Every structure is written in C-alpha cells, then in structure tokens.
Amino acid sequence: MGVPLTRPADRALARPRRRLPAAVAALAALLAVGAGVLVDLATPAPRPSDAPADQFSAERAYENVKVIAARPHVAGSAANDQVREHVVGVLRGLGLETEVQDTVAPEAGQLSGAAGGATVARVRNVVARLPGTGSTGRVFLVAHYDSVQTGPGGNDDAAGTSSVLEVARALAAGPRPRNDIVFVLTDAEEACLCGASAFAASHPLAAGGGVVLNLEARGSTGPVIMFETSRNNAKLVDVFGRAAPHPVGTSFAVEIYRALPNDTDFTAFLDHDFAGLNSAYIDGGAVYHTPLDVPAAMDRGSLQQHGDNALGLAREFGRTDLTKLGSDHDATYFPVPGGLVRYPGWLSLPLALAALVAVGLLGWRLRRRGRATAARLAAGVGLALAPIVAAPLGAWLLWTAITTIRPGYAELLDPYRPVWYRLAVVALAAAVLLTWYALTRRWAGPAALAFGGLVWLALFGVLLAVLVPGGAYLATLPALAGALAGLVALATRLDGPGPVVAVTLAGAVAVVILLPTVVLLFPALGMAMGGVAALFAVLLGLAALPVIDLLHPQAGGQRGLTALRARRLGALPAAATALTAAVLAGVGLAVDRFDAAHPVPTHLMYALDAGTGNAQWLSHEDEPQPWTDGYVDGWTKVEDFPGLGDAELRSGPAQPADLPAPKLEILSDSTSGTPEAGQLRTLRVRVVPQRPVRLLSLHVDGSTIVTSTSVGGLELGGGRVTDGRPWGFGIVFHAPPPEGVEITLVMGKGDRQALRVMDASDGLAGIPGFRPRPPDVGVVGSHSSEMLAVANTYSF
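For every chain, the first residue of the written sequence is number 1, and numbering continues from 1 onward in sequence order. Only residues with pLDDT of at least 70 are given local features in this predicted model, and only at 80 or more are side-chain atom pairs given and counted; all residues enter the totals for whole chains, interfaces and linings. Calculated side-chain values reflect all of the structure's heavy atoms, with hydrogen atoms and water omitted.

1. Section: the overall build of the protein chain
And step 1. Working definition: helices are DSSP H or I runs of at least four residues, strands are E runs of at least two. Numbering for both runs from the N terminus. If you tally the helices and strands in the protein chain, you get 20 helices and 24 strands.
And step 2. Put simply, the radius of gyration uses C-alpha atoms, and a globule should come to 2.2 Å times the residue count raised to 0.38. The globule rule puts the C-alpha radius of gyration for 796 residues at 28 Å, and the 30 Å found for the protein chain is close to it.
And step 3. Each principal axis of the C-alpha atoms in the protein chain carries an extent, and together these give about 95 × 65 × 60 Å.
And step 4. When burial is assessed residue by residue, the protein chain has 58% of its 796 residues classed as buried.
And step 5. Throughout, a contact is declared for two residues whenever any of their heavy atoms are within 4.5 Å. Partitioning the intrachain contacts of the protein chain with sequence separation of at least 6 by distance along the chain shows that 80% fall at a separation of at least 24. Type-normalised accessible area, obtained with a 1.4 Å probe on protein chains alone, sets the label of each residue: buried when under 20%, exposed when over 50%, and partly exposed for intermediate values.

2. Observations concerning the state of the cysteines
And step 1. A pair of cysteine sulfur atoms is labelled a disulfide when the two atoms are within 2.5 Å. Scanning the entire structure with this criterion turns up one disulfide.
And step 2. There is a disulfide in this structure between Cys192 and Cys194, and the S-S distance comes to 2.0 Å. Between Cys192 and Cys194 the sulfur-sulfur dihedral comes to about -130 degrees; the bridge is accordingly left-handed. Judged on exposure class, the residue Cys192 and its partner Cys194 are both buried.

3. Remarks on the pairing of strand 4 (residues 180–186)
And step 1. Of all the seven residues making up strand 4, seven are buried; the element is thus mostly covered by neighbouring parts of the structure.
And step 2. Burial along strand 4 is two-sided: the face carrying Asp180, Val182, Val184 and Thr186 and the face carrying Ile181, Phe183 and Leu185 are both buried.
And step 3. Here strand 2 (residues 118–130) pairs with strand 4 via five bridges, running antiparallel. Following the sheet pairing, Leu130 is matched in strand 4 by Ile181.
And step 4. After leaving strand 3 (residues 138–144), the chain enters helix 4 (residues 158–172) and then returns to the sheet as strand 4, a path that is right-handed. Only strands that DSSP links by at least two bridges are regarded as paired with each other. The definition of a right-handed crossover adopted here requires that, viewed with the strands pointing away, the path from the first strand over the helix to the second runs clockwise.

4. Looking at the layout of surface pockets
And step 1. A pocket here means an open set of points on a 1 Å grid, computed over the protein atoms alone, that has protein on both sides within 12 Å along at least five of seven lines. A cavity is instead a set of points where a 1.4 Å probe fits but cannot get out; residues with an atom within 4 Å of a point line either one. Grid points are joined across faces, edges and corners, and a volume is the space filled by probe spheres set on the points. Considered as a void within the structure, the second largest pocket measures approximately 1400 Å³ in volume.
And step 2. Those elements giving two or more residues to the lining of the second largest pocket turn out to be helix 1 (19–41), strand 6 (221–229), helix 13 (419–444), helix 16 (497–525), helix 17 (530–543), helix 18 (545–551) and helix 19 (563–591).
And step 3. Element by element, the count of residues in the lining of the second largest pocket is highest for helix 13, at nine residues.
And step 4. A class-by-class count of the residues in the lining of the second largest pocket yields 34 nonpolar, eight polar and two charged. Residue polarity follows a fixed list, in which Ala, Val, Leu, Ile, Met, Phe, Trp, Tyr, Cys and Pro are nonpolar, Asp, Glu, Lys and Arg are charged, and the others, Gly among them, are polar.

5. Observations regarding the side chain of Gln305
And step 1. By secondary structure assignment, the location of Gln305 is in helix 10 (residues 300–319).
And step 2. Under the relative-accessibility criterion, Gln305 is labelled buried at 1%.
And step 3. Polar contact is defined as a pair of N or O atoms within 3.5 Å, subject to the rule that within protein one atom must be able to donate a hydrogen and the other to accept it, and that residues adjacent in sequence are counted only when both atoms are side-chain atoms. Of the polar contacts made by the side chain of Gln305, one reaches the backbone nitrogen of Val224; its length is 3.4 Å.

6. Some words on the nonpolar core
And step 1. Joining through side-chain atoms within 4.5 Å is the link that ties buried Ala, Val, Leu, Ile, Met, Phe, Trp, Tyr and Cys residues into a set, and such a set is a nonpolar core. Counting 105 residues, the largest nonpolar core has Leu366, Trp436, Tyr473, Phe536 and Leu542 as its most contacted members.
And step 2. When near neighbours in sequence (up to four residues on either side) are disregarded, Tyr473 contacts Thr250, Ser251, Phe252, Thr332, Tyr333, Phe334, Tyr343, Pro478 and Ile513.

7. Some details on the packing of helix 12 (residues 374–405) against helix 13
And step 1. For the pair helix 12 and helix 13, interaxial distance at closest approach is 9 Å and the crossing angle is 150 degrees. The orientation of helix 12 relative to helix 13 falls into the category roughly antiparallel. Considering only the axes of helix 12 and helix 13, their crossing is right-handed.
And step 2. Residues that form the contact of helix 12 with helix 13 fall into these classes: 21 nonpolar, two polar and one charged. Lines fitted to the C-alpha atoms define the axes, with helices restricted to the stretch that makes contact. Angles between their N-to-C directions range from 0 to 180 degrees. To sort the angles, those under 35 degrees are grouped as roughly parallel, those over 145 as roughly antiparallel, those from 65 to 115 as roughly perpendicular, and the leftovers as oblique. Helix crossings are classified by the rotation of the near helix relative to the far one: an anticlockwise turn of less than a right angle makes the crossing left-handed, while a clockwise turn makes it right-handed.

8. Describing the pattern of salt bridges
And step 1. The term salt bridge refers to a side-chain nitrogen of Lys or Arg lying within 4 Å of a carboxyl oxygen of Asp or Glu. A complete count under the given rule lists 29 salt bridges for this structure.
And step 2. Across the salt bridge formed by Asp669 and Arg681, the nearest N and O atoms sit 2.6 Å from each other. Of the two residues, Asp669 sits in strand 15 (residues 663–674) while Arg681 sits in strand 16 (residues 678–688), which places them twelve residues apart along the sequence.
And step 3. Owing to a relative accessible area of 40%, Asp669 belongs among the partly exposed residues under this scheme.
And step 4. When its relative accessible area of 11% is taken as the criterion, Arg681 is described as buried.
And step 5. The salt bridge partner of Glu742 is Arg686, with a shortest N-O separation of 3.6 Å. With a gap of 56 residues between them, Glu742 in strand 21 (residues 741–748) and Arg686 in strand 16 connect regions that are remote in the sequence.
And step 6. Classification of Arg686 by relative accessible area gives partly exposed; the value is 24%.

9. Concerning the packing of aromatic side chains
And step 1. Only rings of Phe, Tyr and Trp enter the pairing, Trp through its six-membered ring, and a pair is recorded when the two centres are within 6.5 Å. The plane angle decides the type: under 30 degrees is stacked, over 60 is edge-to-face, the rest tilted. Counted according to the given criterion, the structure contains 20 aromatic pairs.
And step 2. Both rings, one in Trp399 and one in Tyr409, keep their centres 5.4 Å apart while their planes meet at 15 degrees; by these two values the pair is stacked. With Trp399 in helix 12 and Tyr409 in the loop between helix 12 and helix 13, this residue pair connects regions lying ten residues apart in the sequence. In this pair, the class of Trp399 matches that of Tyr409, namely buried.
And step 3. Linked through ring pairs, Trp399, Tyr409, Tyr416, Tyr421 and Phe594 together constitute an aromatic cluster.
And step 4. Think of it as a cone above the ring: NZ of Lys or CZ of Arg counts as a charge over the ring if it is within 6 Å of the ring centre and within 35 degrees of the ring normal. It is Arg771 that lies over the ring of Tyr631; its NZ or CZ is 4.4 Å from the centre.

10. Describing a nonpolar patch on the surface
And step 1. Grouping into patches uses exposed residues only, defined as over 30% relative accessible area, and leaves out salt-bridged ones; the cut-off is 9 Å for like charges and 5 Å for nonpolar side chains (Val, Leu, Ile, Met, Phe, Trp, Tyr). Computed with the Shrake-Rupley method and a 1.4 Å probe, the accessible areas treat only the protein chains shown as cover for residues. On the surface, Leu349, Leu353, Leu356, Leu459, Leu463, Val466 and Leu467 cluster together to form a nonpolar patch covering roughly 610 Å² of accessible area.
And step 2. Put simply, the parts of the chain that give the nonpolar patch at least two residues each are helix 11 (348–368) and helix 14 (446–467).
And step 3. It is helix 14 that provides the largest number of residues to the nonpolar patch, a total of four residues.

11. Brief notes about the environment of Asp180
And step 1. Examined against the element boundaries, Asp180 turns out to sit in strand 4.
And step 2. Spatially, the C-alpha atom of Asp180 lies 25 Å from that of Ala108, the residues being 72 residues apart in sequence.
And step 3. When residues no more than four places from it in sequence are discounted, the contact partners of Asp180 are Arg129, Leu130, Pro131, Gly132, Ser135, Gly137, Arg138 and Val139.
And step 4. Polar contacts involving the side chain of Asp180 include one to the side chain of Arg129, which spans 3.3 Å.

12. Comments concerning the pairing of strand 21
And step 1. Where burial is concerned, most of strand 21 is hidden: six out of the eight residues are buried.
And step 2. Both strand 16 and strand 21 contribute to a ladder of eight bridges, which runs antiparallel. By the bridge assignment, Arg681 is partnered in strand 21 with Met747.
And step 3. Here strand 18 (residues 706–711) runs beside strand 21; their pairing, made up of five bridges, is antiparallel. Opposite Ser710, over in strand 21, you have Thr744 as the bridge partner.

13. With respect to helix 3 (residues 78–93)
And step 1. A helix is expected to reach a length of 1.5 Å times the quantity of its residues less one. Taking 1.5 Å of rise per residue, 16 residues should cover 22 Å, and helix 3 covers 23 Å from first to last C-alpha, within 8% of that figure.
And step 2. By the burial criterion, the buried members of helix 3 are Ala79, Asn80, Val83, Arg84, Val87, Val88 and Leu91.
And step 3. Of the surrounding elements, those touching the buried residues of helix 3 are helix 2 (58–68), strand 1 (97–106), strand 2, helix 4 and strand 4.
And step 4. The positive-phi residue at the C-terminal boundary of helix 3 is Gly95, with phi of around 80 degrees.

14. Here we look at the confidence of the model for the protein chain
Low-pLDDT stretches of the model should not have their predicted coordinates read in fine detail.
And step 1. Summary statistics for the protein chain give a mean pLDDT of 92 and a share of 94% for residues scoring 70 or more.
And step 2. What pLDDT expresses is the predictor's confidence in each residue, scored from 0 to 100. Per-residue pLDDT stays below 50 along residues 110–115; that stretch engages in 20 contacts with residues further than four places along the chain or on separate chains.
And step 3. Scored below 50 in pLDDT, residues 556–561 makes six contacts in the model with residues more than four places away or belonging to other chains.

Structure representation (structure tokens):
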C-alpha cells in the first residue's frame, strides 16, 4: 500500500475561504507585473528629425544608415572607401579633429583560425576627438563601419556607426565635456577585428586606456542589451544603471559571453586593458550577415535606444573622474521595470546559502505544521526534477520536428518570424509543468511540491554562485522570496488573506527576475537552443507554484469530488496548454514560409586550382537545399585551399574558370648559419593579386618550420603545423592593396620547399555552370558565402 491520501486542501500554503476571487486577484497581479516587465523591455519611440539638437534622433541617424548601408562594403573595397569618406565628412563637418589611421594590424581575440598561423589586414580607422575641458581620461565611442561581403550591414554595423555620428553631433552641439570623447569607427571588424586591434595597440589616443562604449547589432530589432563588460565592473555598471535611459543588461549575460568564443571589437580593447561596456540589439537574427540586412529592415526604436543609451553614457562618463572608476569586484545586476537592480557580486554565494537555509527552514515548518510529512517533502524534491528535465527535452524534440518539416531553418540564427515558435515553447513548458502537477498533486500535496521546486531553485542558486556568480540571482532570489513567503503563509491563518498576498508577492519576484530572462534568451540563443528558455520558464512556474495551485481545478478541496473526476479536472489545464503549443507551432509553420521576401538560406563557394585546372563547388550545408544539391554530391576535406581552413565540406565538380592565381615574386633569398648548427633560409616575397580580391593567403609546405615572419612591415611569430596537413604555417591578409603584400619568411632549410598562395573575391556570377538563385533562395550569413577562391603552388 502507498502513503495514505490526505485532503489536498489541508496540504497547501494558501487556501482562502473565497478561493476563486483570490485566485483571480493573484493571477491578475502577476499578469500586471508581467505586462510591466514586457513594456519595460520594449524599445522607445524613435525621435523625429526635428528633435532638439541636444537629443538623439533616430530619424537623423537613419539618414546616415541609408548612406552607409547602400550596398555591401567589405574592408578594402571601393564601396568601403566611399563609406569612410562619408564618415570622415560628417565628423569634420561637426568641427571635430578627424584623421584616418592607415596601417597593417593583426587579428584580435580568437576569431580567425583559418590561417594556421597569423591573420592580418590593412585597416583604415576613422578617429575623431572632442577635447575635454579638464580631462581625467578618455571615453571612446566605438563601432565598425565595414560590412560582410554578403550584405550591406544595415544593422551590423550601420546602426552602431550612425549612432556614434549622431551622438557626436549632439555632444558637439552642447557644452564641452570634462573628459576627452574619442569617436572610433573601425575597419575590418568582420574579417578579423584588425581595425580595433590597430587602434588599441598603436594609436596615440589609445595610450593610457580609458572607457570604451562599443555599439553593435546582431539582428534587426529588439531591446539594446548591455551584454559584456570589462572585469571588476561594479562602478561601470553603477554608471550604466543611473545614466542609460533604457538600461537593459544582466550579469548573467556577461558571464555567459565571457565563456563563449565570440568576439567583437570590444575584445581588442579588453586585450589592452581598457574598461568599458559592450551593447547590441540581437532580435531579428534571420537577416544577420545576409543581403536582407538593409536599412529598411531596421527597427528604428532599437536605433533610438542605442543612441539614447550611448549619449547618456557618454555624457555621464564625460563628466566623471575616470581615475575613480576602479573596483575590486563585479556587480550582479538585472533589469526591473523602471531601472536596474545591482549589488556586489561577492554577495552571490552568501545569498545563495541563505536561500538554501530558508528553504530548509520552510521544509521543517511544513512538517511541524502538518502540511507535509518528511516522506512527502522528500518525494516533492524528487518529483520536482521531472519538469526541469522534461521541458527542455520537449522543446528540443519540438524544434527537431519543426526542422525536419522545414530543414532550411538549420542555416538560420532564428526563423524570420519566430514569435509563434517561441510562444509554442513557452506553452509546451507550461504543459509539461501542469501535466506533472496534475499527476502528482493529490499524492504529494501542493505544499510538498512547492517545497520541492524551491529546493531545486536554491540548489541551482548555489551551483551558479560557485560557477557563474553573475547568474546566481536567477535562482537565488526567487528561491529566497518563495521560502520567505511560505514562512509568512505558515505564520498566518490558512484561510485568511495573508498567505495569498505572500505567495503572490513571491510569484511577482519570480516574474520580474525570470520573465526577462525567458524573453531575452530566445533571440540570444536561437530556437535551436529554445530548451534553455523552456528551462527558465519551468523554473518560473515552480517559483509561482502556490499561485498556480490557487487556480488549479483540484484546489477547492471538495469532499464529494471523486478521485477520477479530480484527475479529469486536473488534466484540463495540461491538455489545454499542450493543444495550445501544437496550434502555435502549426501557426508558425503556416506563417513563416520561405518566399522571395524570406528566402531559404544556402551556402556555396567556388575553388579553382590554377596550377592543375581542377575546380570544385563547396558548401558547408550538412543537408543541402535542393538548389545547393545541384552543385555538390559528396564530401571533401579542403586541404589544397588552406586559407579556407581544413573543415570537411560538401563538394562537387565544377568547370574551370579563366581566372589568374595570385602572382608570387621573389624579392630576395638568402641562407644563414652553418650545416652543423642548422641553416635558416630568409625568403622575401611579394604576393600580388591579379584581380580585385578581399583576401590573400600564403602557406608553407607542411614539413617546414617557420621561425619568424613579417608582413607589410609588421613583425609576427612563426610556427609549424604538425597534424599531417600538406600545408602548414601561413598568413591570411585581408583587404590587400592592389600592388600586393610583401612577406618575409625565416624558415628551416629543407630539401623541398613550396608555397601555396590563394586569393578570394566575392560573387559567383559569371562562373561557368553557375545558375542564379530563384527568388525564394537566398544566401546564408557566412564569411565564406559566395566566395570565389583561386590558388596555385610555387615550388623552389
């Protein structure tokens, strides 16, 4: 026999005499709080072009967006030259000291590893300065003005560049700040972050560091999120919280971003010990890096928020004593309606432990008050793990089914119209939670299940406090609020208003903290990782379980209610939410179809070995779309084009095009050392493109050890690739000048030495056998999409 059933009404945290009005009031309160949270995350209305001169106007900034993103303008292209001339003209027209930093610089961070050696670029950064009246340091507003080769960069990063220009106008129109304000529009961010690296490492204005405000975009809409900071950010975050008009940002995002291999220009500044904040809007990711990233795709409310925050922060940092911004700790922070909550990060573990103790005390009180036995409390903890596991798994299965029906989603960051799918995942998480509750409530009791949910929240809080302290608040504060609410409920009359008010307040805390996380995780991670958002949705449900219990059909505690009818009534909410999830997913499939305005993304490259005449089509699509399938029919490891990396790609035979390979000129060749001590060969060459290209690469034979290199006068290290690849250490040079690139190699003297040179341009039109895409077939947002590579081997 199992544990004897007791009346569920006697095992709840709240059981008001007038249950239905209390339940409706509690639900209305939580819905109102949720609505406030969503309204606070909404973007502001864009200001018109006739807004006061000291304010940021999205409409004024948008005029610059239209010029900057008129067409793709990859670093080194004529289109990029035109964009740079426009940016210089705008800044000089404001009366600012403006210059162009023209230099060769290495990559920053870990973005590019295709060279198996070093990646560099010729960059031309635009730098302007607004002198301060008594500077204590410098504030840098940074954005990149180049775009990817596949799209005009209407959002990435014409949004950031135009915001910087409009902020510069607003600041120049007002009183001069105390501190110098430097406007840095970088080049070659998309290729290698080389522009930011050049400025941070060698520009005179960068000497001594300062505060960097980097403006980015990885989508076309949504709130601007401050997602990355320098370390020991407590005082920076305090300025952000009080000076940014729309402060959306979380310490959890900062912790996650630090652990990921992603990089922006901000990385280069962090590498040189600058302090600062990195912000971007990220929703609408389907257009990212694609031909659809045009000015018209931009949400001008997002542009307004970018500019409002940048201007507010520039003014605040512009008047602050920058020598006093140092701190010895990170802050924990998160948005709430009307502002930004922040407290010292070192409180994360003490608060997590306090929450765990409070939940333990609640369990003890539940047992003492007869609301649950020890066995039921233990069962509640074990049972509460079920929805925590099942909801993310269900979200993954749902998206797997959707992508099976619509495989083109695999190449997108997010669907074009993702809202229906996001709502489906939330509904599915609710269905999982309510199904679990209906199956376990009568046996375990609502109080024991609520306790079990709080235990897991408290345990997650401790785990996060140890591993990612900036994210601990997500579990710790709802657990602490829930435990305190439970203790208050136990200290008051079960059928009075006190328990209802207490559990509703605790639910409101969970909504304020966890609802923004669910909303922001969808665009941040994409639908492929919608299970993470489902997890936090379930945690929100567990934190609000006592309120859910008030609304549950079984919660009346009627003595005449049979077990069978109780189960049937309890299944209604679960069935309704499951049906809702299915309907929402179906609506998503019906609404978000691929068409000319929302094309299915495809990836294709062309690679020609000019020495052998062999050519091939290449694609990184695992399951090629029908259009791509017409070019590729197998797999190959791209070893003869080392500038493309060494990944295994889809491939197919192609007709050789009449295209010249880069020319290799030997400028000097000398040997030093003795045979006994080891001889070194110093080879100075020039690689000259024979057609307009966006990158050049040179790789040595895989058996050759390179001790040092220099490229365009820039001294670099050496190395050797020892994994058996035919081509070893190499240089990738982005935005090469038409006259070519001079490279010096110091290497061991061997019996056979060869160099493999490659160049790459963009656009496949005119290649034999290439067929233009149909209107509903598009280009995937990739740095290698539409690449045309030509390589040759030079032996000596």
